[in-house]
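An overview of the molecular structure
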Amino acid sequence: MSSKETNIILHGIAAAPGISIAKAHLYSKQKEDVSSQTVDDVEEAIANLDVALEQSKKELRKIFSLAVDKIGEKRAAIFDAQIMILDDPILISNIKDRIRREKKVPEFIVDSEISKYTQLMNQADEAYMKERSHDIEDIKNRIIRNLKKKKWKSRIATDVIVVTTNLSPSDTVLFTRMNVKGYVTDFGGLTSHAAILARSLNIPAVLGLHDATNKIQENDELIIDGYKGLVIVNPDEETLNEYKTKIEKLQSYDEELYKLKDLPAKTTDGKTIKLFANLDLMEELEFITHNCARGIGLVRTEQLFNHLESFPDEEEQYITYKDLADRIYPEIVTIRAFDIGGDKVLPVDLHEPNPFLGWRGIRLLLDNPELFKTQIRAVLRASAHKNIYFMIPMVTAIEEVRETKILIEQCKKELKAEKKQFDKHLPVGLMIEVPSAAAMAKDFAEESDFLSIGTNDLIQYTLAVDRGNEIVSKLYQEFHPSIVRFIHHVAKEGKKVGKPVSLCGEMAADPFAAPLLVGLGLESLSISPSIIPQIKKIIRSISYKDAKELAEKCLEMRTEKEINDALHHFYNKRIQDQIKNLY
Ligand code: PEP
Ligand code: MG
């Protein structure tokens, strides 16, 4: 037996943090051969294409729901975007026209049509476009495979580090079922979807090593260091021990965070911030209670629609909301009315030119009072314990609030007549996620019981940057001065009229943003449950006085860069980061 070279150190891009030690599994996706045969029956070929497209969508929907399960709806949107490509009428009609004209097998035309896009993207200078071309390639291969009626094997041994040329977003998600310990690739960078997904999934990834698949063999022992972007092949005893110690330190850091479970998120000078959890999936509930949330600040109920593929009736909704309320009692559950439309599910097949500026959230609900009332009745019935808050998305005008309240009153009357129990004083709050609502925060606060700032949308609507459009993602800036000033304004105006103001956008989960948000006057935050311990640790290590000073400085700044720099400076100087101390 030939002895293997040990301790080969390979350098790549540190795409997702974390350290693992495991065996390598070389994964290669065979490329589907495409012939240019002619077809006799064109209509049959087109029918086959339709079946393959449908099957591809079905597969992607499955991957999407697995991804939602693992990383939440927002991050899983990558797969939604892939499904949309399969629905692109121009692409599909080009393919069908060519099948009719050229009488070639559909896989040949699909390959040629979609390759036009990938070639163009590959010629682009920006790494970003090149990365996206891999996603499109993935869709192309999926359709071709389905045209050939082949099944795709994504099952591999468990607990391995996957080494591959290029990782598709779907593989990244599917491999999590095998408890994969890390990803190593020849290609791909920080902005690749695989990297984004690996970060969300908490799986270390080192990408873009160029020749990892040549240098690593099946079953080689690997250390993957996602902090430094290193892969160590067949480590020697000393290196292995060094990394085992690092892993232990990381675990004890996690345990230390867990110890904060029952402690309040209180600054060193005594200001307590309530940390609530955002709930995207009912299955997360266990995790939420485990991660020290003080209740739920946002339930995205539109997920029920995704789950059931049709609108849940009053009874189905009532059972779900009541179960939630019972399990979280005596803490609060904030149930948000269906936020459908925009980039989210719609009950009808409607294609709007500007869906984000269209029929979304409260607009759609008020136009469908029966649907809205079904949800209101279910929420009211589940509120009998008095631990439910109800929240309205996408509010832009006071009339919307008043109309909603009229519907709530109607539902209360009906339930009373039916002798059904409910909380007579069900608190009704508003999402502040559109500039008009932020500007009129005081009026909206007066007309409601609480406010919650939805920065995901507030940023998109204030900066006129589509939150899901990667082309303009650089302009989607949570620390843009206008956003910082809006948050301050809403927190201040809410306080003036004695109404609590929370923030439930992704910004609340950003460790750099936490001191700023506290300093801007927010007294509660609602966050992805997995981040709660970290944010709690940050809050417990700062003083309110310093956070306020930081916020005051940021409110004077005129550029996003200045604010970003100030927050990073504050973080590095004031917040003990034990992970950093490992290096
Ligand atoms: C938001 O817009 O910040 C928010 C929390 O809601 P969603 O992400 O569901 O639109
Ligand atoms: Mg929103």
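Rules used throughout
- Residues numbered from 1 in each chain as written.
- Chains lettered and ligands numbered in written order.
- Predicted model: local features only at pLDDT ≥ 70, side-chain atom pairs only at ≥ 80, totals over all residues.
- Heavy atoms only, no water.
- Salt bridge = Lys/Arg side-chain N within 4 Å of Asp/Glu carboxyl O.
- Patch = residues over 30% accessible without salt bridge, like charges linked within 9 Å, V, L, I, M, F, W, Y side chains within 5 Å.
- Areas by Shrake-Rupley, 256 points an atom, 1.4 Å probe, with all protein chains shown as cover.
- Lys, Arg positive; Asp, Glu negative; His and termini not counted.
- Charge placed at Lys NZ, Arg CZ, Asp CG, Glu CD.
- Helix = DSSP H or I, 4+ residues; strand = E, 2+ residues; numbered from the N terminus.
- 1 Å grid on protein atoms, 1.4 Å probe; cavity = no way out; pocket = protein on both sides within 12 Å on 5 of 7 lines; lining within 4 Å.
- Points joined across faces, edges and corners; volume = space filled by probe spheres on them.
- Nonpolar A, V, L, I, M, F, W, Y, C, P; charged D, E, K, R; others polar.
- Donors = N, O, S within 2.8 Å, 3.2 Å for Na, K, Ca; no water.
- Buried < 20%, exposed > 50% of the residue type's maximum accessible area, 1.4 Å probe, protein only.
- Core = buried A, V, L, I, M, F, W, Y, C linked by side-chain atoms within 4.5 Å.
- Contact = heavy atoms within 4.5 Å.
- Polar contact = N/O pair within 3.5 Å; in protein donor to acceptor, adjacent residues only side chain to side chain.
- Pairing = 2+ DSSP bridges.
- pLDDT = per-residue confidence, 0-100.
- Expected span 1.5 Å × (residues − 1).

1. Considerations on the pattern of salt bridges
Applying the stated rule across the entire model yields 38 salt bridges. Ionic contacts of the salt-bridge type, sharing partners, join the residues Glu 314, Glu 315, Lys 373, Arg 377, Arg 381, Glu 414, Glu 418 and Lys 420 into one network.

2. Concerning a positive patch on the surface
Judged by side-chain charge, Lys 58, Lys 62, Lys 70 and Arg 177 come together as a positively charged surface patch. If you trace the backbone, Lys 58 turns up in helix α1 (residues 42-71).

3. A look at empty space enclosed by the protein
Unfilled space is identified by rolling a water-sized probe across the atoms. The tally for this structure, following the rule as stated, stands at 2 cavities of 30 Å³ or more. Put simply, the second largest cavity is a space of about 60 Å³. In terms of lining, the second largest cavity is formed by 12 residues, of which the most central are Arg 300, Arg 336, Met 431, Glu 433 and Asn 456. Looking at the lining of the second largest cavity residue by residue, the classes come out as 3 nonpolar, 3 polar and 6 charged.

4. Focus on the coordination of the magnesium ion (ligand 2)
Within the first shell, the magnesium ion (ligand 2) binds the protein through Glu 433 (OE) and Asp 457 (OD), at distances of 2.0 to 2.1 Å. With Glu 433 in the loop between β14 (428-432) and α16 (435-439) and Asp 457 in helix α18 (residues 455-463), the pair connects residues that are 24 residues apart, well separated along the chain. Accessibility assignment for this pair places Glu 433 and Asp 457 in one class, buried.

5. Some remarks on the nonpolar core
Phe 372, Leu 517 and Leu 525 are the most contacted members of the largest nonpolar core, which has 96 residues in total. In contact with Phe 372, other than residues within four places in its own chain, are Ala 337, Ile 362, Leu 365, Leu 366, Phe 390, Ile 392, Thr 404 and Leu 407. One finds Ile 63, Ala 76, Ala 198 and Leu 201 within the second-largest nonpolar core, a separate group that totals 54 residues.

6. A word on the side chain of Ser 383
As for its placement among the helices and strands, Ser 383 is situated in the loop between α14 (369-382) and β13 (388-392). The buried category is assigned to Ser 383, whose relative accessible area is 0%. A polar side-chain atom of Ser 383 sits 2.5 Å from the main-chain carbonyl oxygen of Leu 380. If we ignore the near neighbours within four places in the chain, the residues touching Ser 383 are Ile 388, Phe 422, Asp 423 and Leu 426.

7. Looking at the pairing of strand β7 (residues 221-225)
Most of β7 is tucked away: 4 of the 5 residues are buried. In terms of strand pairing, strand β3 (residues 19-26) meets β7 through 5 bridges, oriented antiparallel. When the bridges of β7 are listed, Ala 22 appears paired with Leu 222. As paired strands, β7 and strand β8 (residues 230-233) are joined by 4 bridges and run antiparallel to one another. Pairing of Leu 222 across the sheet is with Val 233, part of β8. Counted between consecutive antiparallel strands, the loop separating β7 from β8 contains 4 residues, among which Gly 229 sits at a positive phi close to 75 degrees.

8. Details of the confidence of the model for the protein
Here the protein averages 88 in pLDDT, while 91% of its residues score no lower than 70. Note that residues 578-583 has pLDDT below 50 and, in this model, 15 contacts with residues that lie over four places away or in other chains.

9. Some thoughts on the side chain of Glu 59
Residue placement: Glu 59 occurs in helix α1. A relative accessible area of 16% places Glu 59 in the buried class. When near neighbours in sequence (up to four residues on either side) are disregarded, Glu 59 contacts Arg 142, Arg 145 and Asn 146.

10. Overview of unusual backbone geometry
Of note, the bond from Tyr 329 into Pro 330 is cis; its omega dihedral lies within 30 degrees of zero at 10 degrees. Mapped onto the elements, Pro 330 comes out in the loop between α12 (314-328) and β12 (332-336). At Asn 7, a residue that is not glycine, the phi angle is positive and equals roughly 55 degrees. Structurally, the position occupied by Asn 7 is in the segment before β1 (8-11). In this structure Asn 7 comes out as partly exposed when scored by relative accessible area, which is 23%.

11. Here's the deal with α14
The end-to-end C-alpha distance of α14, which contains 14 residues, comes to 20 Å, matching closely the 20 Å that a straight helix rising 1.5 Å per residue would cover. Burial of α14 is extensive: 11 of the 14 residues sit out of reach of the surface. Taken together, the buried positions of α14 are occupied by Leu 371, Phe 372, Lys 373, Gln 375, Ile 376, Arg 377, Ala 378, Val 379, Leu 380, Arg 381 and Ala 382. Lining the buried residues of α14 we find α12, β12, α13 (362-367), β13 and α15 (398-417).

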